[in-house]
Each structure stands twice: as structure tokens, then as C-alpha cells.
Amino acid sequence: MMFNKLNMKLILLMVLSMMLILTGCGSNKSNKAQEEQKNENVQAETGTRTITDDIGRKVEVPDKPVRIVTDWYLGQLLALDVTPVGAVMANLDYAAYLKDYYKEDAIENIGDGEASLEKVMEVNPDLIITWDKEAVEKYEKIAPTIVFSDTTHKSIHEEIKAMGEYLGRTDQAEQFLGDFDKRIAAAKEKINKVINKDSTFTIFDLGKKNLSVIAPNGVVGGRALYETLGMTPPPKVKELFDTKQADGNRYEISYEVVNDYVGDYVIEMNFFNKGGSLPTTWTNLDAVKKGEVITLAPEYYFASDPVSVLHQAEDLANKIEKLTKEKK
């Protein structure tokens, strides 16, 4: 009888062990199935697609990149509500409007002026966006790389839509542009209420010996004033850029001939000659003598990305409104 009880206990123990093993196997199979399903879902969310970048390269990029690095296009990314993990931050000294669009220390500085490959690698990007086609070969060893060129796109709308397509954020692009259009329309209305319809505007970037006339598509407020707000340059300035006498987004002139380029409204930025004296050909201009010159702050006006341009346009509208009311 004792032998039978021992046998029974052994049998029960064996049965119990087998049940536990079978249960464990079932659980493992279930967990494995769940893990495989989870991996499939992650793969679906982070799939890839092929795009053609701005210089015609076919690039396989993540559907929804989340760790983006750029060596120039911070404003375009922030417009789409994307905070890159790394960017060249030196240009932020002259794009101060962008600083309100991300948290302090949220972006790793990957270089001052030129990106450091070591720093790019440290932030482990899943996509790199560059202006420099010569750097592609180096960048591609780290992550898929898109060459973007703001000059390829004829307007801010085209620029933002293109970036939205590349990043899989077309909804965010449409949202930004909708807000952009409403705010620019309000800025235009503010200006048109106080100026004559044939009023002309000139932007000068002052230097020690010479000064530059800013082009309608240029930095230093040119893109905001002319391209975005639709203000008119005086005939001499328009001729310069229509006939392509000027190379790039500015045209250098001597102070002796500055009066030939002056519009009804004079806008200046004095970055290269801070605190320095200016020739009488400048100080004797009617607008200067009357204190009717609009002055731009360099830290806000060197940039020409869509976010900066939006805020520059609104700031210019306020300044033009204020000056016009003071004239009256």
C-alpha cells in the first residue's frame, strides 16, 4: 500500500510537472506571437519609402522619421512642428524668431558653421537633411540623406509642401500654410490702410565704405517685404534685379549714389558698421534727417526661412504702420 501511495505521488508529480511544462510552452508561444505582432506593428509604423530629393537623387527614407539632423534647414523643420535632434546652431544668432519654437537644450549643436560628423553620429539620426550635395557621401554612411534646396522652390508654399512630402508630414505643412496665409493677409491689410498704393520701399544693409541694396527675394527682410507682403521697390532697384545686374540677393553700391535707390520708405540694417560714422550722403537723406528710417535688428532679420519670414512680415507691418502714423 505504501508502495502504491509513493507511486501515486510520483504519478501526480509527473502529471503536474507535465501540465506546468505544457502551460509554459503555451505561454511562450502566446508571448512569442504577441512579440511578433508587436514587431510587425513597429515595422509598419517605421516603414520606408523612396523619394526624389531636390537634386534628383532617389533616396529611401523612413515613413515617419523622428530623429532628424539638419545642417541648415531648422526653420523649415520647426514650421512642420518637428524639433530635430541635431542642427548647426550658429545661424540661430541671426534667426532669433526660431528660439520660441523649441525647448532650450532640445537640439544638439552639431557644429558652428560646419557640421561635425562625430556629433552627427552621436545623436543617432534616422534622417539627415543637408544643403550641401558635396557632403552627401559622408552623411549617407550615418543615415539616409536628403539634399534640400530652398532656391529650387519658387515660394514659401512650395518649400513647405516639399519638406512636408519628404518628412511624411503633409498635414502639418497644410496647417502651417493655412496659418501663414491668414497672418500675412492681416499684415498686408494693416500696411495697405496707411500707405499710398504706389509707395515704394528700399532696404539697405549699411557698411563702412559701401552699402548693399537688398533684393526682393533676399535675406535682411527682402523676402518678407517684397515677396511675401508684396511691397514695391523703386524703379532703380527693380531694374537691378529684373535685369539680373545684381548677383544673388543683394547689390553693392557706393554711398555717393545711394539717393538714386531711395524709395518712399527707407529701411536699414546696420550690422557691419555698428557705432561707426556714416558719410554725409547717407546722413543728408531726407528720410534720415527726419528720423523716418525703419531700423531692423540683425539677430531677427538675417534669416529667410518660412518661420522667420512670417514674423518679419508682421514686424515690418507694425513698423510701417507706426512710422506712417507718426509722419501724419
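These lines cover the structure that appears in this document, whether it is placed above or below. (Residues numbered from 1 in each chain as written. Predicted model: local features only at pLDDT ≥ 70, side-chain atom pairs only at ≥ 80, totals over all residues. Heavy atoms only, no water.)

1. Let's talk about the overall build of the protein
Tallying secondary structure elements over the protein gives 12 helices and 12 strands in all. In the protein, buried positions account for 44% of the 328 residues. A separation of at least 24 residues holds for 64% of the contacts in the protein among residues at least 6 apart in sequence. Roughly 18,500 Å² of accessible area belongs to the protein as shown, and the carbon and sulfur atoms make up 50% of that amount. (Helix = DSSP H or I, 4+ residues; strand = E, 2+ residues; numbered from the N terminus. Buried < 20%, exposed > 50% of the residue type's maximum accessible area, 1.4 Å probe, protein only. Contact = heavy atoms within 4.5 Å. Areas by Shrake-Rupley, 256 points an atom, 1.4 Å probe, with all protein chains shown as cover.)

2. Description of the pairing of strand E1 (residues 48-52)
Bridge analysis of E1 against strand E2 (residues 58-62) gives 5 bridges, and the strand direction is antiparallel. The residue of E2 that forms the bridge with Thr48 is Pro62. (Pairing = 2+ DSSP bridges.)

3. Some thoughts on the sheet that holds strand E9 (residues 210-214)
The strand order across the open sheet built from 5 strands is E10-E9-E8-E11-E12, with neighbouring strands paired in mixed fashion. Unpaired on one side and paired on the other, strand E10 (250-254) and strand E12 (293-295) mark the two borders of the sheet. Neighbour-to-neighbour, the strand axes of this sheet turn through a mean angle of 30°, independent of strand direction. Across 3 bridges, the pairing between strand E8 (residues 201-206) and E9 is antiparallel. Bridge pairing in E9 links Leu206 to Leu211. (Axes fitted to C-alpha atoms, helices over the stretch in contact; angles between N-to-C directions.)

4. Observations regarding the sheet that holds strand E3 (residues 68-70)
In sheet architecture, strand pairing relies on hydrogen bonds along the backbone and comes in two forms, parallel and antiparallel. Strands sit in the order E5-E4-E3-E6-E7 across an open sheet of 5 strands; the sheet is parallel. Both outer strands of the open sheet, strand E5 (108-109) and strand E7 (145-147), are each paired with one neighbouring strand and no more. Alignment of strand E6 (residues 127-130) against E7, held across 3 bridges, turns out to be parallel. In the sheet register, Ile129 faces E7, and the bridge partner there is Ile146.

5. Here we look at the pattern of salt bridges
Applying the stated rule across the entire model yields 13 salt bridges. Linking Arg57 and Glu140 is a salt bridge whose minimum nitrogen-to-oxygen distance equals 2.5 Å. On the criterion of sequence distance, the pair formed by Arg57 in the loop between E1 and E2 and Glu140 in the loop between helix H4 (136-139) and E7 is long-range, its members being 83 residues apart. You can call Glu140 partly exposed: its relative accessible area is 41%. Across the pair Glu227 and Arg223 runs a salt bridge, and its minimum N-O distance is 3.2 Å. In this pair, Glu227 and Arg223 both sit in helix H7 (residues 222-228), 4 residues apart, roughly one turn of the helix. Assessed through its relative accessible area of 35%, Glu227 is described here as partly exposed. Judged by its relative accessible area of 7%, Arg223 is buried. One network of salt bridges, with partners in common, ties together Asp53, Arg57 and Glu140. (Salt bridge = Lys/Arg side-chain N within 4 Å of Asp/Glu carboxyl O.)

6. Re the nonpolar core
With 63 residues, the main nonpolar core has Ile129, Leu167, Phe201 and Leu225 as its most contacted residues. Formed by 17 residues, the second largest nonpolar core is a distinct cluster that contains Leu206, Val237, Phe241 and Tyr261. (Core = buried A, V, L, I, M, F, W, Y, C linked by side-chain atoms within 4.5 Å.)

7. Observations concerning the packing of helix H6 (residues 170-192) against helix H12 (residues 306-327)
Look at H6 against H12: their axes get within 9 Å of each other, and the N-to-C directions meet at 15°. Between H6 and H12, the angle is such that the two are roughly parallel. With respect to the hand of their crossing, H6 and H12 are arranged in left-handed fashion. Contact with H6, carried on its side by Phe176, Phe180, Arg183, Ile184, Ala187, Lys190 and Ile191, involves Pro306, Val307, Leu310, His311, Ala313, Glu314, Ala317, Asn318, Ile320 and Glu321 of H12 and no other residues of that element. Within the contact of H6 with H12, the residues separate by chemical class into 11 nonpolar, 2 polar and 4 charged. (Parallel < 35°, antiparallel > 145°, perpendicular 65-115°, else oblique. Left-handed = near helix turned anticlockwise from the far one by under 90°. Nonpolar A, V, L, I, M, F, W, Y, C, P; charged D, E, K, R; others polar.)

8. A closer look at the packing of aromatic side chains
Evaluated as defined, the whole model comprises 11 aromatic pairs. Considering the side-chain rings of Tyr97 and Tyr300, the 4.6 Å spacing of their centres and the 55° angle between planes classify their relative orientation as tilted. Placement of the pair is Tyr97 in the loop between strand E4 (86-87) and E5 and Tyr300 in helix H11 (residues 298-301), with a sequence separation of 203 residues. Residue classification places Tyr97 among the buried positions, given a relative accessible area of 15%. Owing to a relative accessible area of 30%, Tyr300 belongs among the partly exposed residues under this scheme. Ring centres of Phe201 and Tyr265 lie 4.7 Å apart, and the angle between their planes is 10°; on these two criteria the pair is classed as stacked. Of this pair, Phe201 sits in strand E8 while Tyr265 sits in strand E11 (residues 265-269); the two residues are 64 residues apart in sequence, bridging distant segments of the chain. The same class applies to Phe201 and to Tyr265, which are both buried. Within the aromatic cluster, the residues linked to one another by ring pairs are Tyr94, Phe271, Phe272 and Phe302. (Phe/Tyr/Trp six-rings, centres within 6.5 Å; stacked < 30°, edge-to-face > 60°.)

These figures come from the coordinates and say nothing about function on their own.
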